[in-house]
Amino acid sequence: PYRHTYSSAAWGWQRMRAYYDLHIHSCLSPCGDKDMTPYNIAGMAKLCGLDIIALTDHNSCKNCPVFLRAVQQYGLCGVAGMELCTSEEIHVVCLFPTLAQAMRFDSYVYDHMMDIQNREDIYGAQMIMDEQDQPAGREKKLLLTATDISISGLRTLVDTFGGVCFPAHIDRDSYSVLAALGEIPPEEAYTCAEITEKGDIGALQAQHPGLKDMILLKNSDAHYLENIAAKRAWLELPEHSPAALISALKNGLIHWGR
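Residues numbered from 1 in each chain as written. Predicted model: local features only at pLDDT ≥ 70, side-chain atom pairs only at ≥ 80, totals over all residues. Heavy atoms only, no water.

### Side note on the packing of aromatic side chains
Put simply, the test is: Working definition: a ring pair exists when centres of Phe, Tyr or Trp rings (six-membered ring for Trp) sit within 6.5 Å. Plane angles under 30 degrees give stacked, over 60 give edge-to-face, the rest tilted. Criterion for a charge above a ring: Arg CZ or Lys NZ at most 6 Å from the ring centre, at most 35 degrees from the ring normal.
With the rule as written, the count across this model stands at four aromatic pairs. Taken together, the ring pairs in this structure connect Phe-96, Phe-105, Tyr-108 and Phe-161 into an aromatic cluster. Over the ring of Trp-234 we find Arg-17, and its NZ or CZ is 3.6 Å from the ring centre. Over the aromatic face of Tyr-110 sits the side chain of Lys-141, whose NZ or CZ is 4.1 Å from the ring centroid.

Pasting the structure below:
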């Protein structure tokens, strides 16, 4: 149980613990199970006792509109997001306070993707869902490919869309910033990073001292309903809202535990 100890009282907050999972894939991601529909995700998150969840498909936000309506019906706070694959093949989770901002970022990323068509027989379907949680269309571009967006300047880019971003699963040996670059670029000044449940935080902090000053998020990276996080990792927020979450992650001065 790692915890940060900044005083929320200093920021005029009333303490409100939010149990979260900020890295979940829907059936839009080609590696996502067909049962990972927006309403199924919301229902499972409710059963898991979570307060805030984010939908972060590979290089796309196109299932976020239905997802945000689904979480509302289950009384959860939903955050529109994306797991971006940079030109260095580094996965970075990007979150946005509003759907409009997320969809503007979606359009930007779409124009920076390689024009490679998805092969459903190889990669699986990339399903866009409707209000009834039924298939409404398919994304034709393969979403698993790297974009031409570099990790250099990415934090600033996401900030121009009103969002926040953090390197995903940094302890993995593929598609992570440490695997690709050997370090988190200090000039990017990330306030948080994602470490998997099996990651050795002590060893990572010893090797990368900058992690000691960062929020170390634990998300599921779920591609199947049964992998959505249990009620364990938490952030202390002034309220359960996307804006409060993103503001807290940007300034980094919050209580957290995992």
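### Observations concerning the environment of Asp-51
Just so we agree on the cut-off: Counting from the N terminus, the helices are DSSP H or I runs at least four residues long and the strands are E runs at least two residues long. Residue contacts are counted whenever heavy atoms from the two residues lie within 4.5 Å of one another.
Positionally, Asp-51 belongs in the loop between helix 1 (38–47) and strand 3 (52–58). Each C-alpha atom, one on Asp-51 and one on Trp-234, is 9.3 Å from the other, the two residues being 183 residues apart in sequence. Aside from chain neighbours lying at most four places away, what touches Asp-51 is Arg-17, Ala-18, Tyr-19, Leu-76, Cys-77 and His-240.

### A word on the layout of surface pockets
For the record, the criterion: Both site types are read off a 1 Å grid over the protein atoms alone. A 1.4 Å probe that fits but cannot get out defines a cavity, while an open set with protein on both sides within 12 Å along at least five of seven lines defines a pocket; lining residues have an atom within 4 Å of a point. Grid points are joined across faces, edges and corners, and a volume is the space filled by probe spheres set on the points. The residue classification treats Ala, Val, Leu, Ile, Met, Phe, Trp, Tyr, Cys and Pro as nonpolar and Asp, Glu, Lys and Arg as charged. All others, Gly included, are polar.
Put simply, the largest pocket is a space of about 340 Å³. Across the lining of the largest pocket, the residue classes tally to three nonpolar, six polar and seven charged. Taken as a whole, the second largest pocket holds about 200 Å³ of empty space. Residue lining of the second largest pocket: Leu-178, Glu-183, Ile-184, Pro-185, Pro-186, Ala-189, Tyr-190, His-208, Pro-209, Gly-210, Leu-211 and Met-214, and that is the complete set. The class makeup of the residues in the lining of the second largest pocket is nine nonpolar, two polar and one charged.

### Topic: the pairing of strand 5 (residues 91–96)
Here is the rule we go by: Note on classification: 1.4 Å probe, protein chains only; a residue is buried when its accessible area is under 20% of the maximum for its type, exposed when over 50%, partly exposed between these limits. Strand pairing is defined by DSSP finding a minimum of two bridges between the two strands.
In terms of burial, strand 5 is a largely internal element, six of the six residues being buried. Residues His-91, Val-93 and Leu-95 point to one face of strand 5 and Val-92, Cys-94 and Phe-96 to the other, with burial holding for every one of them. Between the end of strand 4 (residues 77–85) and the start of strand 5, which pair antiparallel, lie five residues, with Glu-89 showing a positive phi angle near 60°. Relative to strand 8 (residues 164–167), strand 5 is paired through four bridges, and the arrangement is antiparallel. Following the sheet pairing, Leu-95 is matched in strand 8 by Val-164.

### Quick look at the confidence of the model for the protein chain
Let me state the cut-off plainly: A score from 0 to 100, pLDDT tells how confident the predictor is in each residue.
Per-residue pLDDT for the protein chain has a mean of 95; in total, 95% of the residues score no lower than 70. Low pLDDT (under 50) marks residues 7–11, which in the prediction has six contacts with non-local residues, meaning those over four places away or in another chain.

### Topic: the side chain of His-25
This is how the line gets drawn: For the purposes of these results, a polar contact is taken to be a pair of N or O atoms within 3.5 Å, where, inside protein, one atom must be able to donate a hydrogen and its partner to accept one; residues adjacent in sequence count only when each atom of the pair is a side-chain atom.
Within the element layout of this structure, His-25 appears in the loop between strand 2 (16–24) and helix 1. Within the local environment of His-25, its side chain forms a polar contact with the side chain of Glu-83, the two groups lying 2.9 Å apart. Ignoring any residue separated from it by four or fewer positions in sequence, one finds His-25 in contact with Met-36, Ile-41, Leu-55, Thr-56, Asp-57, His-58, Glu-83, Asp-221, Ala-222 and His-223.

### Considering the side chain of His-58
Note that His-58 resides in strand 3. A relative accessible area of 6% means that His-58 is categorised as buried. His-58 has contacts with His-25, Ser-29, Cys-31, Glu-83, His-91, Leu-143, Leu-144 and His-223, leaving out every residue within four places of it along the chain.

### Regarding the pattern of salt bridges
Going by this rule: The salt bridge definition used is simple: a Lys or Arg side-chain nitrogen within 4 Å of an Asp or Glu carboxyl oxygen.
The final tally for this structure, using the stated rule, is ten salt bridges. In this structure, the salt-bridge partner of Lys-62 is Asp-106, at a minimum N-O distance of 3.0 Å. Taken as a pair, Lys-62 in the loop between strand 3 and helix 2 (64–73) and Asp-106 in helix 3 (residues 99–110) lie far apart in primary sequence, 44 residues in all. The class of Asp-106 is buried, set by a relative accessible area of 4%.

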